[in-house]
Structures are given as C-alpha cells and as structure tokens.
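Coordinates in review
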Amino acid sequence: EEEFKWLLQEEVHAVLRQLQDILKEASHRFALPTSGSGGAVKQENFVLSTSGTDQVKGVMTLQGDALCQADVNLKMPRNNQLLHFAFREDKQWKLQQIQDARNHVNQAIYLLMNRDVNYQFKTGLEVLKLMDAVMLQLSRARNRLTTPATLTLPEIASSGLTKMFTPALPPDILVNFYINLNKLCLTVYQLHVMQPSTTKSFKPAGGSVLHNPGAMFEFGSQRYEVCHVHKVECVVPWLNDALVFFTVSLQLCQQLKDKISVFSSYWNYRPY
C-alpha cells in the first residue's frame, strides 16, 4: 500500500512532467508560432523526385502546415513534351493532416497540464483514465500522419487544388498532395478520355490513397481512364522527429498503465 501511494504521489507526476516535455518538443516541431508569439514561420524547400525516372520533378515550399509554393515539371510520355506549372502567387494549400496532428498533440498537452500544481491522484483508476485519454489523442495524431485520406478520382478532380496552378492544369492531368509517415508526397495522374465507342466496360474506381493505371471515373459529362501515374516524394525531417516523440510518449503512457494495473491486481486494490 505504501509503495502504491508513492507511485500515485511521486512517480505519476514525474512521468506526467516527462510526457509534457516530450510533447512540447513534438509540438515545436510543427514549426507554428503559438498565438500571440508573432514571428513568421520559416519556409523550407523540398525537392520531390523518385529514383530511376525524371518524368516528374517538383520543388515544394512548406511553411508549417501550408504548401505556399509548388513548382512542378512533367514530361509527357506520349511525345516527351515538357509541361511546367506552379502555384499562383496568391494561393497556398493547407495540409490538413499536419494541422490535425498538431491539434491532437496540443490536446494531449492540455490533458496533462489541466490540473492544479499540488493536485494528488487518489486512485489508480484516475491515472488509467488520464493515460487512456492522452493515448487516444497521441494515436490520432500519429494516425493522421501515417494514414492519408482515401479519395475518389472525382474528388481529386473537383478539389480546390486543381485551381491553384498557373498555367491552369490541362484537363487530362490530376494532382494530389498528401503526407505519408514522414514524407511529403505528390501524385500526378495522366488521363485519357474514354470514347463512347470503346468496347471497355466502364467500372468507376472507389476511394484510394493511390490509384493505379486503368482506374476509371466519370467527371462532368466525360469518362476518363488513368493511363500513367507518377508519385514523387521527399522526407520532411521534423515530421520524422514528431513521429518518434509520439512513439516514445505512447510507450511511457503504457508503462505507467502497466505499473498501476500490477499494483491494483497484486493487492486486489479496488479504486472507487
């Protein structure tokens, strides 16, 4: 009982302080100033490419959770024609995954700090509930970065992203940006129009992170088929850091839960 009391009064608070420190570091990695601190977020340039092919090359400028510049070169396989398109100067593209992950981290920090400095935990159950709530936010933060949204091709075609470029994207090109783990990814789809006389049976593709050649869809009054897919990506180092911090924090939470559970079952402790 004395050991358990020490665990609740001393070790729990030490772990909570450690978690706060780690998660504040994670939050800082998202490079966004907290409200009131002013100061512009630094811009970082990333070159997107893939080994073994130069069909697509891109330079992206990331500023916190926003792509503020994008410059893409695309070599068309049919005629080796080189297309170039870039973001309009008045446009930037919010990466919702980064925004959501940061919000979940900040929510986890709030849960850890949301008590009086002299607060004492009275039961193991109280600590377990807090750890579960923190772990839920951390799992959601991690999942937002590791699990890009599945989109249908018509959703990509109607996305505001298609209106961001100058010159305007040709009707047979679709693009999509997303985060996958610690990488910033750009996918370019080249399409061809399916003629009414085609003998191919039309089967519209469902939602996917990455559509394959042969995927079909209808947009406007036209039917299209994906003929080429190009995916280029680059590692964003601070996203890598954030994912490591999430993993370490989740492990700390689980270790504390395990200790509480061992004490509870060993002494047949019944929290009220």
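What counts and how
Residue numbers restart at each chain and count upward from 1, following the sequence in its written direction. Under the rules for a predicted model, residues below a pLDDT of 70 receive no local features and side-chain atom pairs below 80 are neither given nor counted, while totals for whole chains, interfaces and linings still include all residues. Side-chain descriptors were evaluated using all non-hydrogen atoms of the structure, hydrogens and water having been removed beforehand. UniProt positions are given in the numbering used here, feature names are shortened, and annotations may be inferred rather than shown by experiment. Counting from the N terminus, the helices are the DSSP runs of H or I reaching at least four residues and the strands are the DSSP runs of E reaching at least two. Two things to know: the radius of gyration comes from C-alpha atoms, and the globule rule equals 2.2 Å times the number of residues to the power 0.38. For the exposure calls, accessible area comes from a 1.4 Å probe over protein chains only, and a residue counts as buried if that area is under 20% of its type's maximum, exposed if over 50%, partly exposed in between. Residue contacts are counted whenever heavy atoms from the two residues lie within 4.5 Å of one another. Only protein atoms enter the 1 Å grid used here. Points where a 1.4 Å probe fits but cannot escape make up a cavity, open sets with protein on both sides within 12 Å along at least five of seven lines make up a pocket, and a residue lines them when an atom lies within 4 Å of a point. Grid points are joined across faces, edges and corners, and a volume is the space filled by probe spheres set on the points. Amino acid classes used here: Ala, Val, Leu, Ile, Met, Phe, Trp, Tyr, Cys and Pro are nonpolar; Asp, Glu, Lys and Arg are charged; the rest, including Gly, are polar. What qualifies as a polar contact is a pair of N or O atoms within 3.5 Å, subject to a donor-acceptor requirement within protein and to the restriction that residues adjacent in sequence count only when both atoms come from side chains. Pairing of aromatic rings covers Phe, Tyr and Trp, the last through its six-membered ring, and needs centres within 6.5 Å; plane angles under 30 degrees mean stacked, over 60 mean edge-to-face, and all others mean tilted. Criterion for a charge above a ring: Lys NZ or Arg CZ within 6 Å of the ring centre, and within 35 degrees of the ring normal.

Naming follows an unreviewed UniProt entry, where the protein appears as Protein rogdi homolog of Prunella fulvescens. Looking at the protein in UniProt, the text filed under Subcellular location (unreviewed entry) is "Cytoplasmic vesicle, Secretory vesicle, Synaptic vesicle". Looking at the Sequence similarities (unreviewed entry) heading of the UniProt record, one finds this comment for the protein: "Belongs to the rogdi family."

Some details on the overall build of the protein
In terms of regular secondary structure, the protein is built from 5 helices and 10 strands. For the protein, whose C-alpha radius of gyration is 24 Å, the value lies well above the compact-globule estimate of 19 Å for 272 residues. Seen along its three principal axes, the alpha-carbon backbone of the protein occupies a region of about 80 × 45 × 35 Å. The buried share among the 272 residues of the protein stands at 42%. In the protein, once contacts between residues fewer than 6 apart in sequence are set aside, the share between residues at least 24 apart is 67%.

Brief notes about unusual backbone geometry
Cis geometry marks the peptide bond from Thr 166 to Pro 167, where omega comes out at -10 degrees. Summarising the element assignment, Pro 167 is placed in the loop between strand E6 (165-166) and strand E7 (173-180). Of note in this structure, Leu 181 is not a glycine but carries a positive phi near 60 degrees. Among the structural elements, Leu 181 can be located in the loop between E7 and strand E8 (183-193). On the accessibility criterion, Leu 181 (42% relative accessible area) is partly exposed.

Quick look at the layout of surface pockets
Counted as a void, the largest pocket has a volume near 310 Å³. Lining the largest pocket are 17 residues, and of these Trp 93, Ala 149, Leu 151, Asn 176 and Phe 177 sit closest to its centre. Mapped by element, the contributors of at least two residues to the lining of the largest pocket are strand E5 (93-94), helix H2 (96-113), helix H4 (153-158) and E7. The greatest single-element share of the lining of the largest pocket, amounting to 4 residues, is contributed by E7. Looking at the lining of the largest pocket, its residues break down into 10 nonpolar, 4 polar and 3 charged. Roughly 220 Å³ of internal volume is contained in the second largest pocket. Lining the second largest pocket, in full, are Gln 9, Glu 10, His 13, Leu 16, Arg 17, Gln 20, Leu 112, Met 113, Arg 115, Asp 116, Val 117 and Gln 120. At the level of secondary structure, the elements contributing two or more residues to the lining of the second largest pocket comprise helix H1 (2-29) and H2. Take the lining of the second largest pocket: its biggest share by element is 6 residues, from H1. Per-class residue counts for the lining of the second largest pocket are 4 nonpolar, 4 polar and 4 charged.

A short note on the side chain of His 230
Mapped onto the fold, His 230 is located in strand E10 (residues 222-235). Of the polar contacts made by the side chain of His 230, one reaches the side chain of Gln 190; its length is 2.7 Å. Beyond its immediate chain neighbours, meaning those up to four positions away, His 230 contacts Gln 55, Val 56, Leu 74, Leu 186, Thr 187, Val 188 and Gln 190.

Here's the deal with the packing of aromatic side chains
This model, assessed by the stated rule, comprises 6 aromatic pairs. Ring centres of Phe 85 and Phe 165 lie 5.3 Å apart, and the angle between their planes is 90 degrees; on these two criteria the pair is classed as edge-to-face. Of this pair, Phe 85 sits in strand E4 (residues 82-87) while Phe 165 is found in strand E6, placing the two residues 80 residues apart along the sequence. For the pair shown, Phe 85 and Phe 165 are each scored as buried. The aromatic ring of Phe 202 is capped on one face by Arg 223, whose charged end is 4.0 Å from the ring centroid.

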